[in-house]
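# Commentary on secondary and tertiary structure
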Amino acid sequence: MSETVLKIRIYGDPALRKKAKEVSKVTSEHREILSQMSRIMYEQSGIGLASPQVGRTEAMIVVDVGQGLYKLINPKVVKKQGIQALEEGCLSVPGVCIKIKRADKVLVTALDDNGKKVSIEAEGLLACCLQHEIDHLKGKLIVDYASFIDKLKIKKKLAALEKKAKNDILSEAKNKSCQLQL
Ligand code: ZN
C-alpha cells in the first residue's frame with residue numbers, strides 16, 4: 001500500500017462522480033490512505049479532502065479548519081440546523097468559487113481511524129467543510145450548486161479543466177501500457 005501514490009483528481013475525472021462505498025472494517029490500509037490524504041490536504045493548503053478526490057472508493061474524509069485534524073470513515077450528516085452561505089472552492093475544481101447555502105450546524109456521525117464510533121457537533125466553517133466533503137462521497141461537486149449566472153461564468157474554466165483531465169487520463173494510460181515509451 002505504501003507504494004501507492006495518491007494524487008488529486010481534477011474536474012472531468014470520472015473518479016469524482018463515483019459514489020464512495022461504506023467501509024465495513026477499518027484496517028491499516030485505511031489508516032495509510034487517511035495519512036496520505038491528510039498530507040496532500042496540508043501540502044495543497046486545503047481544509048478538507050475526500051477519498052474520491054484521490055481516486056479511492058472507500059468512504060473517507062479528512063478535515064482541518066484550524067480546530068484540529070479529523071480523519072473520518074463513513075461520515076454521515078444526521079442532523080441539520082440553520083442556514084449559512086459561504087464562498088467555496090475545491091481542490092478538484094481549481095479556480096472556481098461558488099457561494100453555497102448549507103446548514104449552519106450539523107451533527108455528523110462516523111468512525112475514526114481506529115474504527116471507533118464518533119459524533120461531531122459542528123457549526124460555521126467546520127459544518128460547511130464537513131458537508132462539502134460528505135457531498136464528494138456522493139459524487140457531488142460545488143459546480144452542481146451553481147446558479148444559471150454562475151454556470152455561464154465558469155463554463156470556459158470547466159471545459160478547460162475537463163480537457164486537461166482527459167489528457168491526463170490518456171497520458172497516464174499510455175504510461176501504464178508500456179515501460180518503454182520511445
Ligand atoms: Zn472539494
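Located above this text is the structure these notes cover.
Residues numbered from 1 in each chain as written. Predicted model: local features only at pLDDT ≥ 70, side-chain atom pairs only at ≥ 80, totals over all residues. Heavy atoms only, no water.

### Concerning the environment of arginine 56
The residue arginine 56 is located in the loop between strand S1 (48-50) and strand S2 (60-63) in this model. A distance of 2.7 Å separates the side chain of arginine 56 from the side chain of glutamate 58, its partner in a polar contact. (Helix = DSSP H or I, 4+ residues; strand = E, 2+ residues; numbered from the N terminus. Polar contact = N/O pair within 3.5 Å; in protein donor to acceptor, adjacent residues only side chain to side chain.)

### Description of the nonpolar core
Membership of the largest hydrophobic core comes to 30 residues, with the highest contact counts inside it found for Leu49, Val93, Val96, Val143 and Leu158. Contributions of two or more residues to this core are made by helix H1 (28-43), S2, strand S5 (98-102) and helix H3 (148-177). Top contributing element to this core by residue count: H1, with five residues. Setting aside chain neighbours within four positions, we find valine 143 in contact with Tyr11, Arg17, Val93, Val96, Ile98, Ile154 and Leu158. Grouped together as the second largest cluster of nonpolar side chains are 18 residues, Ala59, Ile61, Val65 and Leu72 included. (Core = buried A, V, L, I, M, F, W, Y, C linked by side-chain atoms within 4.5 Å. Buried < 20%, exposed > 50% of the residue type's maximum accessible area, 1.4 Å probe, protein only. Contact = heavy atoms within 4.5 Å.)

### Points about the coordination of the zinc ion
Those protein atoms acting as donors to the zinc ion are Cys90 (SG), His132 (NE2) and His136 (NE2), and they sit at 2.1 to 2.3 Å. Coordination of the zinc ion draws on donor residues from a single chain, spaced C-x41-H-x3-H in sequence. Of the two residues, cysteine 90 sits in the loop between strand S4 (84-88) and S5 while histidine 132 sits in helix H2 (residues 124-137), which places them 42 residues apart along the sequence. Summarising the burial analysis for this pair, cysteine 90 and histidine 132 share the class buried. (Donors = N, O, S within 2.8 Å, 3.2 Å for Na, K, Ca; no water.)

### Comments concerning H1
Relative to the 22 Å expected for 16 residues at 1.5 Å per residue, H1 spans 23 Å between its end C-alpha atoms, a close match to the ideal helical length. Within H1 the residues assigned to the buried category are His30, Ile33, Leu34, Gln36, Met37, Ser38, Ile40 and Met41. Against S1, S2 and strand S3 (70-81) lie the buried residues of H1. Just downstream of H1 lies serine 45, where phi reads positive at about 55°. (Expected span 1.5 Å × (residues − 1).)

### Here we look at the environment of leucine 91
In this fold, leucine 91 is placed in the loop between S4 and S5. Residue classification places leucine 91 among the partly exposed positions, given a relative accessible area of 24%. The spatial distance from the C-alpha of leucine 91 to the C-alpha of proline 14 is 15 Å, given a sequence separation of 77 residues. Discounting chain neighbours no more than four positions away, the residues touching leucine 91 are Ile8, Ile10, Gln44, Gly46, Gly48, Leu49 and Gln53.

### Structural notes on the pairing of S3
Successive side chains on a regular strand alternate, one facing one side of the sheet and the next facing the other. In this structure, S2 lies alongside S3, joined through four bridges in antiparallel fashion. Across the sheet, residue isoleucine 61 finds its bridge partner in S3, namely leucine 72. Hairpin geometry of S2 and S3 is characterised by an intervening segment of six residues between the two adjacent antiparallel strands and by a positive phi of about 105° at glycine 66. Pairing geometry for S3 and strand S6 (residues 105-111), over six bridges, is antiparallel. Along S6, the bridge assignment pairs isoleucine 73 with leucine 111. (Pairing = 2+ DSSP bridges.)

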